[in-house]
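An overview of the molecular structure
Okay, here's what each chain looks like letter by letter:
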Amino acid sequence: LAIIMTILVLELEKPSTINLSSFWELRHSFFAYTLSFFWLGSMWVNIHNEWQGIEKINSKVLWVTLVLLFFCSLIPYATDLVSRDFYNKVAQGFYGLFVLGVTFSNVWLSHAIESSNDNAQLPAEVMKKRRQLLWIDIGIKIIGLIISLTVYPPAMMFSVIIAAAFLMVGIRALNLDWKDN
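Summary of the structure given here. A quick note: this is a predicted structure, and the numbers were derived from the prediction, not measured.

Moving on, we come to the side chain of S110. Along the chain, the position of S110 falls in helix α6 (residues 89-116). Residue classification places S110 among the buried positions, given a relative accessible area of 1%.

Given below as structure tokens:
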């Protein structure tokens, strides 16, 4: 994930001249980069927290992780498309599909980890509660995708922000951080 996050910055367009108006023209690119960077970063932190209580990894967990990384690896490409034409519904829809692919892969990975560690009670409880939050997260992103494709293209990116804020608040409110349990 750290490499994928680094690739994001390499895709950032450079200003034609170094002045404030040139940077302002790139505001959508910087917004898309910042959103994708912190979204991937928060996922990295959550995966790290989730894996702290894990005792066993099996081949299914490895393969599901590979699927997750596949979707993550396409985020820089999708972010670049959105950066080039922020109000394009196809670009935003493309971005949304990969964001949803990452989120569904996270749910699948959570199930795979839980099934390979079926005797660990605390991680299973926390993971089930986190998955419940992830389903709401998916719902928010699907609504964003629909609005993005029909009415207002940037709705996809804004739904990612709303879903991320919801997850952060939900994890804190339900006391789902590993170190707190």
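All right, on to the environment of K141 then. Inspection of the secondary structure assignment puts K141 in helix α7 (residues 121-150). C-alpha separation for the pair K141 and S16, spaced 125 residues apart in sequence, amounts to 34 Å. Residues within four places of K141 in sequence aside, it is in contact with W39, V99, L100, T103, M156, S159 and A163. Looking at K141, its side chain comes within polar contact range of the side chain of T103, at 2.8 Å.

Considering all chains together, one arrives at 4 salt bridges under this definition. Among the salt bridges present, the one from D80 reaches R84, with a minimum N-O distance of 2.8 Å. Within this pair, D80 and its partner R84 are both found in helix α5 (residues 75-84), separated by 4 residues, close to a single helical turn. Overall, D80 belongs to the buried group, its relative accessible area being 11%. Taking the shortest distance from any N to any O, the salt bridge between D137 and K141 comes out at 2.8 Å. With D137 and K141 both in helix α7, this residue pair falls 4 residues apart, about one helical turn. Several salt bridges share partner residues, and in doing so they unite E114, K128 and R131 into one network.

What counts and how
- Residues numbered from 1 in each chain as written.
- Predicted model: local features only at pLDDT ≥ 70, side-chain atom pairs only at ≥ 80, totals over all residues.
- Heavy atoms only, no water.
- Helix = DSSP H or I, 4+ residues; strand = E, 2+ residues; numbered from the N terminus.
- Buried < 20%, exposed > 50% of the residue type's maximum accessible area, 1.4 Å probe, protein only.
- Contact = heavy atoms within 4.5 Å.
- Polar contact = N/O pair within 3.5 Å; in protein donor to acceptor, adjacent residues only side chain to side chain.
- Salt bridge = Lys/Arg side-chain N within 4 Å of Asp/Glu carboxyl O.

As far as function goes, none of this settles anything; it's purely spatial.
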